[in-house]
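Observations on the model geometry
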Amino acid sequence: MGTNELRKRDTWQDVSGSKAEKAEKNFKDIFEKHFENTDFKLRTKPKEFKNIYSSVKLSKEVLSKIYSPDETWTHGVIPDFAIDNIKTKKTLYIEVKRQDGWVEGKERKAGRGNAHERSCKFFTPGLLDVLRNTGKIGNDVLPFWVVFQGDIARDPKRVREIHFWYKGIEDHFFLWSDSSDEKSLLDHFEKKLKKHLL
């Protein structure tokens with residue numbers, strides 16, 4: 001990749017980052033208001049998993065084959081949000097993934113991002129185990145909810161991928177194509193996810 005392409009990529013990342021921050025703020029504002037005077041609390045950037053990777057114990061054989069610096073570092077996962085039930089001490093972890101997509105008036109390449117793919121880390125056995133144990137949500141339910149916001153929620157390719165990946169567990173994602181529609185987002189939580197926190 002040449003210098004000019006890299007410059008464009010940096011600009012794309014800056015724009016994407018600011019759109020993601022706006023999407024997260026919108027979600028936060030809606031749920032903080034919704035949870036006023038209830039047993040539920042929305043936490044931003046929960047830090048309980050911020051060091052889960054760097055604390056992984058590796059065998060001597062593996063350690064002998066990798067770089068092992070003397071310094072310590074933090075390496076883990078920080079979800080966008082957590083919804084806590086103060087009374088039951090149960091927690092559901094949230095990712096808000098905002099991405100452009102292939103919709104009317106845009107070329108197919110407008111949907112080339114991978115935010116939806118990055119959300120799949122929550123399906124891995126190790127993360128599922130730690131999220132379930134920490135969130136006390138039980139082993140029969142996914143301990144996370146992914147909210148897809150922006151054009152990705154209407155992109156014909158990405159929507160099909162998401163539905164395929166979440167087959168049988170559709171309650172744990174939400175395609176929020178209209179971010180001014182607070183009711184549909186809150187209804188999804190109230191009807192499909194709140195029960196797991198009670």
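**Let's talk about the overall build of the chain**
What the chain contains, in helices and strands, is six helices and five strands. In the chain, the succession of α and β elements from N to C terminus is α-β-α-β-β-α-α-β-α-β-α. Split into buried and exposed, the 198 residues of the chain put 35% on the buried side. For the chain, the share of sequence-separated contacts (at least 6 apart) that also reach a separation of at least 24 residues comes to 67%. Put simply, the chain shows about 12,200 Å² of open surface, and 51% of that area lies on carbon and sulfur atoms.

**Some details on the confidence of the model for the chain**
Mean pLDDT over the chain works out to 87, with 85% of the residues at or above the 70 mark. Across residues 11-16, where pLDDT falls below 50, the model places zero contacts with residues more than four positions away in sequence or in other chains.

**So, the pattern of salt bridges**
Under the definition given, this model contains twelve salt bridges. In this structure, E95 and K97 form a salt bridge, with 3.1 Å as the shortest nitrogen-oxygen distance. For E95, a relative accessible area of 4% corresponds to the buried category. For the salt bridge of D187 with K183, the shortest nitrogen-to-oxygen distance reads 2.6 Å. Separated by four residues within a single helix, D187 and K183 lie in helix α6 (residues 182-193), roughly one turn from each other. The exposed category is assigned to K183, whose relative accessible area is 58%. Through salt bridges with shared partners, a single ionic network connects E24, K45 and D80.

**Remarks on the packing of aromatic side chains**
One pair of aromatic rings is described through two measures. These are the centre distance and the angle between the planes. Scanning all chains against the criterion turns up 15 aromatic pairs. Taking the centre distance of 5.7 Å and the plane angle of 70° together, the rings of F35 and F189 count as edge-to-face. Of the two residues, F35 is situated in the loop between α1 (3-34) and β1 (40-44) and F189 in helix α6; the sequence distance between them amounts to 154 residues. Residue classification places F35 among the buried positions, given a relative accessible area of 6%. Aromatic ring contacts, followed pair by pair, group F27, F31, F35, F40, F81, W145 and F189 into a single cluster.

**Quick look at the sheet that holds strand β5 (residues 173-176)**
Spatially, the five strands line up as an open sheet ordered β1-β2-β3-β4-β5, and their pairing is mixed. Across the chains shown, the open sheet's two edge strands, defined by having one partner strand only, are β1 and β5. If you compare each strand with its neighbour and ignore which way they point, the axes differ by 20° on average. Where strand β3 (residues 90-98) and strand β4 (residues 144-149) come together, six bridges link them in parallel fashion.

Conventions used here
Residues numbered from 1 in each chain as written. Predicted model: local features only at pLDDT ≥ 70, side-chain atom pairs only at ≥ 80, totals over all residues. Heavy atoms only, no water. Helix = DSSP H or I, 4+ residues; strand = E, 2+ residues; numbered from the N terminus. Buried < 20%, exposed > 50% of the residue type's maximum accessible area, 1.4 Å probe, protein only. Contact = heavy atoms within 4.5 Å. Areas by Shrake-Rupley, 256 points an atom, 1.4 Å probe, with all protein chains shown as cover. pLDDT = per-residue confidence, 0-100. Salt bridge = Lys/Arg side-chain N within 4 Å of Asp/Glu carboxyl O. Phe/Tyr/Trp six-rings, centres within 6.5 Å; stacked < 30°, edge-to-face > 60°. Pairing = 2+ DSSP bridges. Axes fitted to C-alpha atoms, helices over the stretch in contact; angles between N-to-C directions.

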